[in-house]
Amino acid sequence: MGQIMKSILFNHLVVFLIIAGLFTGLGLVSVFLYHPEKAESNPEMTKWLQDSTINWQDPLHQALIADVLDLKSVEQDGEAFVRSAARLKSDETAKTLEQLRHQKGLVFGDFPDFLLKLLGFSFIFGLVLFILVWGSQTLGLYRFIRSKQGKRTSGKQFWHSVYSFFGLLILFSPGYLIAYMLKPLIPSDSIILMISLGLITNGALIVYSQKFLNLMNQEMDKGYVLAARIRNVNENFENGHQSNLTWKAILGFHKHFPGHILHHILLNAKRQYWNTVRELAAFTITSLIILEMALNIQGRYGYELLRQVLYGNYADVLAMMLGLFLIVKLTEVAIDFHIYKQKLKFENWK
Amino acid sequence: MTPNLKMKIPSLSNDTKWILIWLAGISVLLVWDLVFLNKPALVRVWLGFGNTLLVSAISLTTALLLSFTVSSWITLSRWNERPKLARTGELFLNIFRSVPQIIGLLTGFLILTLLVTAEIMTGKTAILTGFGVTVGVVIFYEFSDMLLERVAWFEQTDFVSASRTAGVPDTHLLFIEIWMRNSLPHLINKLISGFGATIFLLCSIDFVLSVGLSSSVSPINFPPTLGSMLAQIDSKQDILSIGILFTDPFYFPSLFTRHLQGLSVAFLIVFTLACSFKIGNAFTRRHRL
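Throughout what follows, the structure given in this document is the object of discussion. (Residues numbered from 1 in each chain as written. Chains lettered and ligands numbered in written order. Predicted model: local features only at pLDDT ≥ 70, side-chain atom pairs only at ≥ 80, totals over all residues. Heavy atoms only, no water.)

**Focus on the packing of helix H6 (residues 157-172) of chain A against helix H12 (residues 260-287) of chain B**
Step number 1: Relative to each other, H6 of chain A and H12 of chain B sit at 110 degrees, their axes nearing to 9 Å. On the basis of the axis angle, H6 of chain A is roughly perpendicular to H12 of chain B. Seen from above, H6 of chain A lies across H12 of chain B with right-handed handedness. Contacts between H6 of chain A and H12 of chain B involve Phe165, Leu168, Leu169 and Phe172 of chain A from the former and Val270, Phe271, Leu273, Ala274, Cys275, Phe277 and Lys278 of chain B from the latter.
Step number 2: Class assignment of the residues belonging to the contact of H6 of chain A with H12 of chain B gives a composition of ten nonpolar, no polar and one charged. (Axes fitted to C-alpha atoms, helices over the stretch in contact; angles between N-to-C directions. Helix = DSSP H or I, 4+ residues; strand = E, 2+ residues; numbered from the N terminus. Parallel < 35°, antiparallel > 145°, perpendicular 65-115°, else oblique. Left-handed = near helix turned anticlockwise from the far one by under 90°. Contact = heavy atoms within 4.5 Å. Nonpolar A, V, L, I, M, F, W, Y, C, P; charged D, E, K, R; others polar.)

**Examining the side chain of Thr62 of chain B**
Step number 1: Relative to the helices and strands, Thr62 of chain B is located in helix H2 (residues 39-79).
Step number 2: Here the side chain of Thr62 of chain B touches Ile58 of chain B through a polar contact of 2.7 Å, landing on its backbone oxygen. (Polar contact = N/O pair within 3.5 Å; in protein donor to acceptor, adjacent residues only side chain to side chain.)

**Considerations on the interface of chain A and chain B**
Step number 1: Counting from both sides, the interface comprises 63 residues of chain A and, opposite them, 57 residues of chain B.
Step number 2: Between chain A and chain B, the buried area comes to about 5600 Å², and carbon and sulfur atoms account for 74% of it.
Step number 3: For the pair chain A and chain B, the interface holds zero salt bridges.
Step number 4: Our count for the chain A to chain B interface comes out at three residue pairs in polar contact (both at pLDDT 80 or more).
Step number 5: Residues that form the side of chain A that touches chain B fall into these classes: 44 nonpolar, nine polar and ten charged. (Buried area = accessible area lost by both parts, 1.4 Å probe. Salt bridge = Lys/Arg side-chain N within 4 Å of Asp/Glu carboxyl O.)

**Considerations on the environment of Leu119 of chain A**
Step number 1: Within the secondary structure, Leu119 of chain A is located in helix H5 (residues 111-149).
Step number 2: Put simply, Leu119 of chain A and Tyr301 of chain A are 182 residues apart on the chain and 9.3 Å apart in space, counted from C-alpha to C-alpha.

**Here's the deal with the packing of helix H9 (residues 204-220) of chain A against helix H12 (residues 261-294) of chain A**
Packed helices, taken two at a time, are described by the angle between their axes plus the distance between the axes.
All names here are of chain A.
Step number 1: Put simply, H9 and H12 touch, their axes get as near as 9 Å, and they point 145 degrees apart. When you trace H9 past H12, the crossing you get is right-handed. Of the residues in H12, those touching H9 at Ala204, Tyr208, Lys211, Phe212, Leu215, Met216, Glu219 and Met220 are Leu262, Ile265, Leu266, Asn268, Ala269, Lys270, Gln272, Tyr273, Thr276, Glu279, Leu280 and Phe283.
Step number 2: Counted by class, the contact of H9 with H12 contains 13 nonpolar, three polar and four charged residues.

As structure tokens, then:
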């Protein structure tokens, strides 16, 4: 292993140790210092809270009660009273829920289960990241070829824009929004649904395919492309065997177009794209955790993380977050190793 | 000579067009909500939107301040041959770069939750500022990367060495010549993408938080944002009702009057995200970034 790679690994190790030290410190602080205070109630509030017909989460009910209280007494702030009552009600509900469930910490209470959940999450993360890298490159390449073909849906331009924009709205929807929409049809605890949402929603696919497209467009302006044009390298962007732009080559993972100008543009764009994959890995973790938390997928890592937060097991929460950090760090090391190998090959690194 | 009677409409750039489309979409929704949505819900939805925009502004300001501080620290230390200081700065940046945003956000929101529980932080403005600062800290490294990339680009040319030899002060060269005069489009582009990222992260974390981050801190304690509005049971039911269309397509017109709270919130989030992507793209193309 070269000196450069050793130095990269050393940097990763230092960052990991710093974060691990920080989280351990925060965990110790939370164990020794955190004592939640309970909200106080008064007899009038208790009377209001006993009325089962009131929904304290409903803004209409809240506004009506606040108005009634304002009319009843000039001195009392109806809105503040309603806010405190709603808070007390939610405290009571959460307390009942806590009593019903067991409050044992996951990491320090059941370590093998924690490891199993971490491995399960890592598998889904790896799969989603792999498909996202392929998908964003494929979509970026397809859009690049389309732009070079100069194809326009003439006559139906308006409707094409409308459809595209609606498609864009779906691609930019947060995953949990789409999951709630589909809830009557598909159960939200399905792993396939989670993977699909991780791929399609949250803007990941469209944003990272756009980044790949931008890289390809930048490459197109470079001197070696102009030199290749002068030397009459194949520049036919129509699909088919004559141009080497077959669907098999476009959809394949390696995407080779030998003898075509696209081949070198793609190689150079892909090489630069690996720096973006590091960013994509962190974003994928974020969106998957948000999906698991928001959809309350029981037994999954994100859900367990949220549950430990709810129980106030902050030491477990920090240990679980460190687990996520470890996944990202390992992914970064793998990406850096790949970039290093590429640089050895193309830039004569030692 | 016949005068040209055709009115000349000034051509707008695509990014300006998308800004206008965003404003128009938001205005149409506001008018629709004023007509069909009940008053308490209307106030909460638009207060949530306003709060979300305010948090975004605070977040972007925090990200800008932090990124300028860290990037100038690294660059000026390097130029003045203080490699240890520069490496410390790079390490600091690497830490933030490696931490997934969700971890940073959860840690930040945990601290905020503890502060609210202990009643140290009580005012709505203070809580919103806390949201903004947390998101800003999480995303600032993207701004720093861009600023450092610009410095690296100028260092490849003779511009930096020639200016320094000619006696231009380092701070003037860095802040005025490189970042202000020659990187403004890059900075604006980053602000546009940062705006989208802030909206996405804030809405997601607020949604998660409202689902249940703490038993003692509920959405009632926190000022409403689009994420917390979406997590309300009414909004969730409104979103669920879209699924009815798969079995009963004729239910479509009812969505826009009966389930307006959830749909308005969802539209505000998704439309803002999609438009910020389009604005950013058009801006990148116009300035060939």
